[in-house]
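A closer look at the structure
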Amino acid sequence: MNTREQWGSRLGFVLAAAGSAVGLGNIWKFPYMTGQNGGGAFLIIYLALVFTIGLSVMLAEFAVGRAAQRNPIGAFAVLKGKLWPIVGFLAVLAAFLILSFYSVVAGWTIAYIVKMASGALVGGADELGAAFGNFISDPVQPIIYHALFMGLTIAVVLGGVHDGIERACKVLMPLLFILLLVLIGRAVTLPGAEKGLEFFLMPDFSKVTAETFNGALSQAFFSLSIGMGAMITYGSYLNKKENLGKSAMWVTSLDSGVAVLAGLLILPAVFAFGFDPAAGPGLTFITLPAVFAQMPGGTFFGVLFFALLTIAALTSAVSLLQPIVSYFSDEKGWNPKIAAVVAGVVIFTLGIPSSLSLGVWSDFHIIGEKGFLDSMDYVASNILLPVGGILITIFVGWIMADKMKEEVTNNGEKSFPFLGAWLFICRFVAPVAVAWILVSGL
Ligand code: PFF
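These figures come from a predicted structure and were not determined experimentally.

Attention now moves to the overall build of the protein. Summing up its helical and strand segments, the protein has 18 helices and zero strands in all. Taken over C-alpha atoms, the radius of gyration comes to 21 Å for the protein, in line with the 22 Å a tight globule of 442 residues would show. With respect to the principal axes defined by its C-alpha atoms, the protein has extents near 60 × 45 × 45 Å. Intrachain contacts of the protein at a sequence separation of at least 6 include 83% that bridge at least 24 residues.

On to the confidence of the model for the protein, then. When pLDDT is averaged along the protein, the result is 93, and 99% of the positions lie at 70 or above. Model confidence for the complex is summarised by a pTM of 0.94, with the ipTM given as 0.99.

Our next topic: the packing of helix α14 (residues 298-332) against helix α15 (residues 336-356). At a minimum axis distance of 9 Å, the contact between α14 and α15 shows a crossing angle of 130°. Our classification of the angle between α14 and α15 gives oblique. Remark: the crossing between α14 and α15 carries right-handed chirality. For the pair α14 and α15, contact is made by Leu321, Ile324, Val325, Phe328 and Ser329 and by Pro336, Ala339, Ala340, Ala343 and Gly344, respectively.

Another point: unusual backbone geometry. Only a minority of non-glycine residues have a phi that is not negative, and only a minority of peptide bonds are not trans. For Lys82, which is not glycine, the phi torsion reads 50° and is therefore positive. Here Lys82 shows up in the loop between α4 (72-79) and α5 (85-117).

Attention now moves to helix α8 (residues 161-188). A rise of 1.5 Å per residue sets the reference length of α8, with its 28 residues, at 40 Å; its end C-alpha atoms lie 38 Å apart and thus fit the reference within 8%. At Lys170, α8 is bent by approximately 25°, the largest bend along its length, and proline Pro174 sits one to four residues beyond. Every buried residue of α8 is listed here: Val161, Ile165, Glu166, Ala168, Cys169, Met173, Leu176, Leu180, Leu183, Arg186 and Ala187. Considering only its buried residues, α8 is in contact with α1 (10-21), α7 (141-158), α9 (193-201), α12 (244-272) and α14.

As a further point, take the environment of Thr252. Structurally, Thr252 can be placed in helix α12. Overall, the presence of 24 C-beta atoms within 10 Å leaves Thr252 in the buried class. Counting along the chain gives 26 residues from Thr252 to Ala278, while the straight-line C-alpha distance between them is 26 Å.

Attention shifts here to the site of the ligand. With respect to spatial proximity, 16 residues lie near the ligand, and among them Gly23, Gly25, Ser225, Ala230 and Ser316 are the closest. When its residues are assigned to classes, the shell around the ligand shows eight nonpolar, eight polar and no charged.

Thresholds applied
- Residues numbered from 1 in each chain as written.
- Predicted model: local features only at pLDDT ≥ 70, side-chain atom pairs only at ≥ 80, totals over all residues.
- Helix = DSSP H or I, 4+ residues; strand = E, 2+ residues; numbered from the N terminus.
- Rg over C-alpha atoms; globule rule 2.2 N^0.38 Å.
- Contact = placed C-beta atoms within 7 Å.
- pLDDT = per-residue confidence, 0-100.
- Axes fitted to C-alpha atoms, helices over the stretch in contact; angles between N-to-C directions.
- Parallel < 35°, antiparallel > 145°, perpendicular 65-115°, else oblique.
- Left-handed = near helix turned anticlockwise from the far one by under 90°.
- Expected span 1.5 Å × (residues − 1).
- Bend = angle between axes of the 7 residues up to and from the residue.
- Buried ≥ 20, exposed ≤ 12 C-beta atoms within 10 Å, placed from the backbone.
- Near = placed C-beta within 6 Å.
- Nonpolar A, V, L, I, M, F, W, Y, C, P; charged D, E, K, R; others polar.

Structural data, given as structure tokens:
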């Protein structure tokens, strides 16, 4: 086996893991889900789930990765063997599927930087909705942007864990925070923004249903990048001195911090211009450009916004490619650079039908009425990810509890005040709650 790379510092690791977590899930998905699910009430439920189940699963993944110093498949093989490597296999499969469509949507964010800058995005929500529909259904353009985004992802991963991923995240994550704060400064000073703030921060529990919990829990998994081996992989490049509990706490806090900030950016702007916060997935690509079109300095802030989204998506995409690369280099002895290019090209190819499924191939259904992109998302997010989450917590809580206790306390050298609570969540709460998402999602 090759000597394994390591993160250069705790800060570098935390920023890389936060880079994985903070992505389209926070800035595109979280605000529209909040808009559809009663604002402040959704926010409270989401945060409660993130800091109990989410944080525990993240710590479980860090512990498995660091204990094994391997990719997800190899990690289960060295720690326990038997059928357990199948869990790692499901994780790597999920990474393949998710990255294939994630890159398509991330490609749109690059296209929207260009469209914003060239002044192509003018008009109200109807015209911008039609423009968005025309763009994503085009058979060529979105695929070019998908290729461009995949190329950027491969380029970062080619640099390696330390010089590629860590260095990129150390520059891009602070930049992302600055852009976000500049944009929030603009949004909350718009006349009428208070209504958006009120909607976001004042809970209305009358809108809460079982589906709200379900949506909040699957969003928590996707947003924290858990259940699919990304955090096992990142944990595997950690040295034995790092405090895993503290790192998990930092990453979880940064991820939910950015989700809250994205809500503070998008909802006040949407309310200030009288748009519908429940517009759904179109909120980012239709409603927001309509907001920018009416706002003083809108072109400038619009370009910044889509640049922010691209950066967030890039640092997440690299964490989907790296588990695959580390599998082929740890287990199959491939050169990591060759693995990155080959996996990247295969994933790009798998993304093509996803992109076409929004246009020329829209009549072609895979699962029920779902087209290719929605089917990939469904299999990965609604099946592989919860199954991965359940199995990882069972593994940590029941199968390897003693070894995992040693791992998070660095063999008893570091005290971890929440050890009991963490194990309780891994044993009982997480498997049951996640099994419930799985079943109710089917
Ligand atoms: N957490 C990322 C987001 O919120 O956009 C998406 C993601 C990245 C999911 C990496 C899973 C993963 F392994």
